[in-house]
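Here's the letter readout for the chains.
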2 protein chains.
Amino acid sequence: MQRYFVQPDQMTDTLVSIKGEDAKHISKVMRMTPGDHVICSDNQGRVARCAILELTDSSVELSVAEWIGNETELPISVTIAQGLPKHDKLEMIVQKGTELGAERFIPFQADRSIVKWDSKKSKKKTERLQRIIKEAAEQSQRNKMPECIEPVSFKELISQSESYMMKIVAYEEQAKQNETSRLAKLLSRADIGNESIIIVIGPEGGLTEHEVQHLQDAGFIACGFGPRILRTETASLYVLSAISYQLELLR
Amino acid sequence: MQRYFVQPDQMTDTLVSIKGEDAKHISKVMRMTPGDHVICSDNQGRVARCAILELTDSSVELSVAEWIGNETELPISVTIAQGLPKHDKLEMIVQKGTELGAERFIPFQADRSIVKWDSKKSKKKTERLQRIIKEAAEQSQRNKMPECIEPVSFKELISQSESYMMKIVAYEEQAKQNETSRLAKLLSRADIGNESIIIVIGPEGGLTEHEVQHLQDAGFIACGFGPRILRTETASLYVLSAISYQLELLR
């Protein structure tokens with residue numbers, strides 16, 4: 001069933017109102033009519049199956065038919081901090097990361113990031129990433145829409161990481177040394193329902209030793225993601241799949 | 001260290017010979033000189049660090065400096081059978097699948113596959129996929145180069161699946177019903193070193209009920225890959241990451 005995110009104030013206990021692009025999508029693209037059902041989420045945990053009462057191209061009024069549980073969200077909150085990669089890789093990372101359950105994306109300027117985003121480009125690109133996230137969240141039936149912020153400096157990343165309970169840095173030197181059990185040990189003792197994890201992944205050339213040292217000083221634990229060397233855009237998919245497997249499938 | 005695949009007959013106990021495109025890559029792109037080291041793999045389990053003895057643009061002679069273990073291969077053999085998807089998604093699937101340890105790819109014509117590959121297009125496209133696999137295998141430091149065969153019919157897929165010890169079909173209806181433990185149960189009892197797994201993944205529209213029934217009749221077990229609905233190109237990455245996590249990190 002088609003899924004739409006609405007502002008919390010557009011969702012009462014019995015009625016939902018959808019405006020703008022989403023209303024157009026319902027009427028013009030999906031060609032729905034009164035009586036048809038969609039899923040509405042207020043992005044704060046309230047999700048309902050709703051029936052369309054009336055619609056125009058710019059506004060759809062719905063009644064709540066049934067409240068639905070929050071079962072498509074990972075049981076812990078996961079943030080992917082990604083060193084700015086080249087080309088359109090970040091688009092792929094946020095799209096797939098959203099499908100796989102990430103809650104937040106923090107792009108950051110790493111020492112070996114080749115691209116630089118100036119502030120004008122940054123705002124536009126982040127808006128585009130957020131649109132990709134919205135579409136992926138609806139398609140994969142997420143109840144929460146993840147957030148992608150504008151790229152931050154490495155220093156700002158360290159400062160933002162302070163609020164997280166578990167801090168992981170993907171470090172390919174660990175993979176080469178066959179360090180393979182640390183990630184599994186950390187995830188096995190994650191505190192379901194309470195945990196917040198931040199995972200830092202370097203850009204194409206990897207993180208510098210200096211950056212890794214800095215992260216470790218800030219409480220990050222360096223983990224290998226298996227014995228093969230993963231491309232930067234594959235590392236976040238690996239760790240999100242591993243988190244889902246450990247916390248959703250193994251339990 | 002740069003990695004190259006060679007034919008088994010180009011690798012004796014002490015000497016290795018590299019010809020063609022790879023020789024050109026070593027001399028022209030990498031600008032290597034005698035004394036430089038590369039990793040050579042015969043794709044049948046023999047892997048060695050080798051020193052360049054002499055080189056031209058079309059031929060490189062090397063001596064074996066050290067034999068290396070097989071530690072970058074998944075401990076079980078995994079085949080991804082992928083319903084033909086649209087656009088260039090198959091390229092992304094074989095590239096990421098190779099990074100994540102798959103050994104074989106079988107594209108197949110599913111009921112809901114929108115594209116059809118005629119036999120001329122099929123040969124060319126498969127060659128291109130094989131080139132993408134080779135590059136990804138070298139980059140991710142695989143010791144075995146995975147194989148991608150030309151697309152087969154559903155009937156042929158069923159017939160090829162007979163030789164596998166464990167057969168899994170990704171079924172999103174299971175995900176919607178919150179079936180989340182079957183994959184974990186199967187993987188936990190995989191017979192390390194001996195097991196061969198085939199995983200069937202539908203195209204964009206999913207598998208038809210008829211196809212799923214047919215696969216189940218042939219011994220396939222329908223598994224959900226977590227509670228979110230994954231795009232077709234994300235499902236193989238999820239299951240390969242889960243296999244790596246269960247068999248390489250959790251042990």
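Residues numbered from 1 in each chain as written. Chains lettered and ligands numbered in written order. Predicted model: local features only at pLDDT ≥ 70, side-chain atom pairs only at ≥ 80, totals over all residues. Heavy atoms only, no water.

Moving on, we get to the packing of aromatic side chains. Overall, the coordinates contain five aromatic pairs over all chains when judged by the stated rule. Considering the side-chain rings of Tyr245 of chain A and Tyr245 of chain B, the 6.2 Å spacing of their centres and the 75° angle between planes classify their relative orientation as edge-to-face. One end of the pair, Tyr245 of chain A, is in helix α8 (residues 232-249); the other, Tyr245 of chain B, is in helix α8 (residues 232-249), on a second chain. Look at Phe225 of chain B and Tyr238 of chain B: their rings are 5.9 Å apart centre to centre, the planes differ by 15°, and that puts the pair in the stacked class. With Phe225 of chain B in the loop between β11 (221-223) and α8 and Tyr238 of chain B in helix α8, this residue pair connects regions lying 13 residues apart in the sequence. Residues Phe225 of chain B and Tyr238 of chain B agree in their burial class; the two are buried. (Phe/Tyr/Trp six-rings, centres within 6.5 Å; stacked < 30°, edge-to-face > 60°. Helix = DSSP H or I, 4+ residues; strand = E, 2+ residues; numbered from the N terminus. Buried < 20%, exposed > 50% of the residue type's maximum accessible area, 1.4 Å probe, protein only.)

The next point concerns the nonpolar core. Core analysis: the biggest nonpolar cluster contains 82 residues, and Leu183, Ile199 and Phe225 of chain A together with Leu183, Ile199 and Phe225 of chain B have the highest contact counts within it. The contact partners of Phe225 of chain A, leaving out residues within four places of it in the chain, are Ile168, Ala170, Leu183, Ile199, Leu230, Ala235, Tyr238 and Val239 of chain A. (Core = buried A, V, L, I, M, F, W, Y, C linked by side-chain atoms within 4.5 Å. Contact = heavy atoms within 4.5 Å.)

Residues and elements named next belong to chain B. Taken together, the five strands give an open sheet; going across it, the order is β1-β3-β4-β5-β2, and neighbouring strands pair in mixed fashion. Edge positions in the sheet fall to β1 (3-5) and β2 (15-19), since each has one partner strand and no second. If you compare each strand with its neighbour and ignore which way they point, the axes differ by 40° on average. Where β1 and strand β3 (residues 37-41) come together, three bridges link them in parallel fashion. Counterpart to Arg3 in the pairing with β3 is Ile39. Those strands touched by helix α1 (residues 20-29) are β1, β2, β4 (47-55) and β5 (59-68), and its axis lies near 95° from that of β2. (Pairing = 2+ DSSP bridges. Axes fitted to C-alpha atoms, helices over the stretch in contact; angles between N-to-C directions.)

Residues and elements named next belong to chain A. The strand order across the open sheet formed by five strands is β1-β3-β4-β5-β2, and the pairing between neighbours is mixed. Since the sheet does not close on itself, it has two edges, and those belong to β1 (3-5) and β2 (15-19), each with one partner. Strand-to-strand, the axes of this sheet are offset by a mean angle of 40°, without reference to chain direction. Summarising the sheet, β2 and strand β5 (residues 59-68) pair through five bridges and their orientation is antiparallel. Along β5, the bridge assignment pairs Ser17 with Glu61. Together, β1, β2, β4 (47-55) and β5 form the strand contacts of helix α1 (residues 20-29), whose direction differs from that of β2 by roughly 95°.

Before going further, it helps to spend a moment on the interface of chain B and chain A. The interface is formed by 44 residues belonging to chain B together with 43 residues belonging to chain A. Summing both partners gives a buried area of about 3,600 Å² for chain B against chain A, and 54% of it is carried by carbon and sulfur. Considering only the side of chain B, the residues that lose the most area to chain A are Arg228, Arg231 and Tyr245 of chain B, jointly responsible for 22% of the buried surface there. If you look at where chain B meets chain A, you find eight salt bridges. For Glu248 of chain B, the salt bridge is made with Arg228 of chain A, and the minimal N-O distance between the two is 2.9 Å. Taken together, the links from chain B to chain A amount to 20 residue pairs in polar contact (both at pLDDT 80 or more). Elements with a minimum of two residues in the side of chain B that touches chain A: α2 (89-99), α3 (119-139), α6 (182-188) and α8 of chain B. The element contributing the most residues to the side of chain B that touches chain A is α8 of chain B, with eleven residues. (Buried area = accessible area lost by both parts, 1.4 Å probe. Salt bridge = Lys/Arg side-chain N within 4 Å of Asp/Glu carboxyl O. Polar contact = N/O pair within 3.5 Å; in protein donor to acceptor, adjacent residues only side chain to side chain.)

Let's shift gears to the relation of the copies chain B and chain A. Mapping between the two chain copies consists of a rotation about an axis together with a translation along that axis. In screw terms, the move from chain B to chain A is a rotation of 180° and a rise of 0.0 Å along the axis, fitting with an RMSD of 0.1 Å. Both copies are brought into coincidence by an operation consistent with a two-fold rotation axis. Both copies contact each other with a shared surface, as 98% of the interface residues of chain B are interface residues in chain A too. (Least-squares fit on C-alpha atoms with pLDDT ≥ 70 in both.)

Residues and elements named next belong to chain B. Of all the residues in α1, the buried ones are Asp22, Ala23, Ile26 and Ser27. Relative to the axis of α1, the buried residues are bounded by an arc of 125° and lie together on one face. Facing away from the buried side of α1 by over 90 degrees, the exposed positions are Glu21 and Val29. On its buried face, α1 sits against β1, β2, β4, β5 and α3. (Arc of directions from axis to C-beta.)

Let us now look at the pattern of salt bridges. Considering all chains together, one arrives at 38 salt bridges over all chains under this definition. Two residues, Glu127 of chain A and Lys123 of chain A, come together in a salt bridge whose shortest N-O distance is 3.1 Å. With a gap of four residues between them, Glu127 of chain A and Lys123 of chain A both fall in helix α3 (residues 119-139), about one helical turn apart. Where Arg46 of chain B meets Asp13 of chain B, a salt bridge forms, and the shortest distance between an N and an O atom there is 3.6 Å. Note that Arg46 of chain B is positioned in the loop between β3 and β4 and Asp13 of chain B in the loop between β1 and β2, a separation of 33 residues in sequence. Look at the salt bridges and you will find they share partners, linking Lys89, Glu204, Arg231 and Glu233 of chain A together with Lys96, Glu99 and Glu135 of chain B into a network.

Residues and elements named next belong to chain B. Take Phe220: it is sitting in the loop between α7 (209-217) and β11. Take Phe220: its relative accessible area is 4%, and that puts it in the buried class. Here the alpha-carbon distance between Phe220 and Thr234, two residues 14 residues apart in the chain, equals 20 Å. Residues within four places of Phe220 in sequence aside, it is in contact with Ser161, Lys167, Ile168, Val169, Ile198, Val200 and Leu215.

The next thing to look at is the confidence of the model for chain A. Residue and element names in this part refer to chain A. Here chain A shows a mean pLDDT of 91. Residues at 70 or above account for 97%. Between the elements of chain A, mean pLDDT differs from a low of 65, seen in helix α5 (residues 172-176), to a high of 98, seen in strand β7 (residues 104-108). This complex was scored by the predictor with a pTM of 0.84 and an ipTM of 0.82. (pLDDT = per-residue confidence, 0-100.)

A word on the environment of His210 of chain B. Within the secondary structure layout, His210 of chain B lies in helix α7. C-alpha separation for the pair His210 of chain B and Asp111 of chain B, spaced 99 residues apart in sequence, amounts to 9.3 Å.

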